Amino acid sequence: MADAKALYRSFLTHLRRLPDPHLWRVLVPPYKALLRSASVPVPPPADAAGAESSRAAARQARRLNRARDQLAEVGMAVACHPHALARLLDKAYAQRGRVRWELLSSMTPTFPPPRLSPLPAPLAPLAPPTPAVSETVPRARAAPPPSAARREALRAWRRAWTGVGVPLVLRADAGATAWEHTGVLDGLRALAGVDERPRPRDLPTYAHLPPALQRVFPRRPAHRAHAQLHPHPRPRPASTRRNPATWRRPRVLSPRLLRRAYARLLAKLVFVRPAPATGRQGASGQPGMAPADDARARTWVKDTRPPALARPRRALARADETDWVRAHA
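Here the structure is a predicted model, which is why all the values come from computation and not from measurement.

Asks: Tell me about the environment of Ser106, and please be specific about residues and values.
Replies: Considering the arrangement of structural elements, one finds Ser106 in helix α5 (residues 97-106). Considering only alpha carbons, one finds Ser106 and Trp179, 73 residues apart in sequence, at a separation of 9.9 Å.

Written out as C-alpha cells, the structure is:
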C-alpha cells in the first residue's frame, strides 16, 4: 500500500509540470484504478488456497510493474525527452493506445468490431490507403486459392482498424464521440498558442475534471523553464538499438517547448463532415441536407478544418506555421 501511495504522489508531481486538464482527466483516473487493484491485501497462503494466493500476489506484482512503467513514461516526458512528450500527448488525445480504442468504441455500434466488418461511415474517409500490389514477381498460379483471399481480407481488415484516423469530435448532426461538450479542441488551441492562453484553471476542460483532481490541479501556468525533477536515466543500448538517435540529451521543459508540442499535435488531427446529399431536403427545409437521423448513413468526406472553429487569430511558431497551413488550408 505504501508503494502505491508513493507512486501516485510521484505521478501527480510529474503531471503538475503539464497543466492540461484534459491530460489529467484521461491519465489520472485509470492510473489510480490500477494502483487500487494492485494494493488489495492478499490473504496469507494456507494449505488449501496457497496456489490461489500466490497467483493473486503475482497479479499484483505485475500491476505494480505496469504502474511503474507508466510513471516512467510520464517521467521521460517531463524530463524532458521531446519524443516521450509527443508520445504522451498522442496517448492522451486518442492518437494511439487505450484512449484511441475507447474513442473508436464510442463511434461504433458494437465493439470490438466483428471480424471483417467495414469501418463506420464517419471513419471511412480516414481509412489508411491500400498498399500498391507489386507485380514484379510472377504468380505461381493463375488464380489464388480461397484461403489466400481470406487471409488477405483479414489483413486488410486489421490494417483498416489499426491505421484509421480518429477524429476527436463529430459535428452536431452526426453523432458523438463523448468529447463534443468537453471543450477539448478549444483547450488544445489555447495550449498550442493559437488562441490567447488563459490560466490553467480557466481552460474549458477544467470543469470536466473530477472534484478531487480540481483541488490539486495547478493554479498558475509555467512562466519559466523548469529544472528537471529527477533526470530520467538513459536506457540500455540494447533497448535503443533501432532508434539510437532518439535518446539524446534531454531538453529543458519550457513553455515554448510545450506550445510547439501542442501545435504539432493540433496540426496532425483529422476531422470529417457529412457530405451534402444532392436532391434531398433536410429537416431544416433546405435542399441538399439530410435529416439528422440518417446522418451516419450518408457519405462522409474528410474535413480540412475543425468543426465550429475559425482560423487562428495568431500565427504559430515559424517552424510549425507551414504544417498548420497545409493541414487547415
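From this point, the narrative continues.
Asks: Pulling in residues and values, what's your account of the pattern of salt bridges?
Replies: A side chain with one charge may pair with a side chain of the opposite charge, provided their charged atoms come close. One pass over the full model with this rule turns up six salt bridges. A salt bridge links Glu102 to Arg98; the nearest nitrogen and oxygen atoms lie 2.8 Å apart. With Glu102 and Arg98 both in helix α5, this residue pair falls four residues apart, about one helical turn. Taking the relative accessible area as the measure of exposure, Glu102 reaches 43% and is therefore partly exposed. The shortest N-O distance in the salt bridge between Arg273 and Asp303 comes to 3.8 Å.

Asks: Tell me what's going on with the environment of Arg100, and back it up with residues and numbers.
Replies: Examined against the element boundaries, Arg100 turns out to sit in helix α5. The class of Arg100 is buried, set by a relative accessible area of 6%. Expressed as a C-alpha distance, the spacing of Arg100 and Val166, which sit 66 residues apart in the sequence, is 7.1 Å. Apart from the residues within four sequence positions on either side, Arg100 is in contact with Ala94, Gln95, Trp161, Thr162, Gly163, Val164 and Val166.

Asks: How would you explain unusual backbone geometry if you had to name every residue and give the values?
Replies: At the junction of Ala79 and Cys80, the peptide bond is cis and its omega measures out at 20 degrees in the coordinates. Within the fold, Cys80 resides in the loop between α3 (50-77) and α4 (82-92). Of note, the amide linkage connecting Phe111 to Pro112 takes the cis form, showing an omega dihedral of 0 degrees. If you check the backbone angles, Ala94 has positive phi at about 60 degrees while not being a glycine. Here Ala94 is to be found in the loop between α4 and α5. Here Leu116, not a glycine, exhibits a phi torsion of approximately 65 degrees, which is positive. With respect to the helices and strands, the residue Leu116 is situated in the loop between α5 and α6 (146-163).

Asks: Now, about the packing of aromatic side chains: what can you tell me, with residues and values included?
Replies: Evaluated as defined, the whole model comprises five aromatic pairs. Between Tyr93 and Tyr262 the ring centres are 6.4 Å apart and the planes differ by 90 degrees, which places this aromatic pair in the edge-to-face class. Linking Tyr93 in the loop between α4 and α5 with Tyr262 in helix α9 (residues 255-267), this pair joins segments that are 169 residues apart in sequence. Each member of the pair, Tyr93 as well as Tyr262, carries the same accessibility label: buried. Here the aromatic cluster, defined as three or more aromatic residues joined through ring pairs, consists of Trp24, Tyr206 and Phe217. For Arg100, the ring lying beneath its charged end belongs to Trp101, and the centroid distance is 5.0 Å.

Asks: Residues and numbers for the nonpolar core, please.
Replies: Judged by nonpolar contacts, the single largest core of 71 residues is most densely connected at Leu15, Leu18, Leu85, Tyr93, Leu168 and Trp179. In terms of residues, this core owes the most to one element, helix α2 (residues 21-38), which gives nine residues. Each residue touching Leu15, except ones within four places of it in the same chain, is listed here: Leu23, Trp24, Leu27, Val28 and Val74.

Asks: Before we move on, can you summarise the packing of α5 against α6 with the specific residues and values?
Replies: One way to put it is that α5 packs onto α6 with a least axis distance of 11 Å and a crossing angle of 105 degrees. By the angle between their axes, α5 is roughly perpendicular relative to α6. For the pair α5 and α6, contact is made by Arg100, Trp101 and Leu104 and by Trp161, Thr162 and Gly163, respectively.

Asks: Tell me what's going on with the side chain of Asp195, and back it up with residues and numbers.
Replies: Mapped onto the elements of the fold, Asp195 is located in the loop between α7 (184-191) and α8 (211-216). Within the local environment of Asp195, its side chain forms a polar contact with the side chain of Arg189, the two groups lying 3.1 Å apart.

Asks: I'd like to hear about α7, residue by residue, with values.
Replies: Counting buried positions along α7 yields seven of eight residues, so the element is predominantly enclosed. Those residues of α7 lying buried are Val184, Leu185, Gly187, Leu188, Arg189, Ala190 and Leu191. One or two residues past the end of α7 sits Gly193, with phi positive at roughly 85 degrees.

Basis of the calculations
- Residues numbered from 1 in each chain as written.
- Predicted model: local features only at pLDDT ≥ 70, side-chain atom pairs only at ≥ 80, totals over all residues.
- Heavy atoms only, no water.
- Helix = DSSP H or I, 4+ residues; strand = E, 2+ residues; numbered from the N terminus.
- Salt bridge = Lys/Arg side-chain N within 4 Å of Asp/Glu carboxyl O.
- Buried < 20%, exposed > 50% of the residue type's maximum accessible area, 1.4 Å probe, protein only.
- Contact = heavy atoms within 4.5 Å.
- Phe/Tyr/Trp six-rings, centres within 6.5 Å; stacked < 30°, edge-to-face > 60°.
- Lys NZ or Arg CZ within 6 Å of the ring centre and 35° of its normal.
- Core = buried A, V, L, I, M, F, W, Y, C linked by side-chain atoms within 4.5 Å.
- Axes fitted to C-alpha atoms, helices over the stretch in contact; angles between N-to-C directions.
- Parallel < 35°, antiparallel > 145°, perpendicular 65-115°, else oblique.
- Polar contact = N/O pair within 3.5 Å; in protein donor to acceptor, adjacent residues only side chain to side chain.

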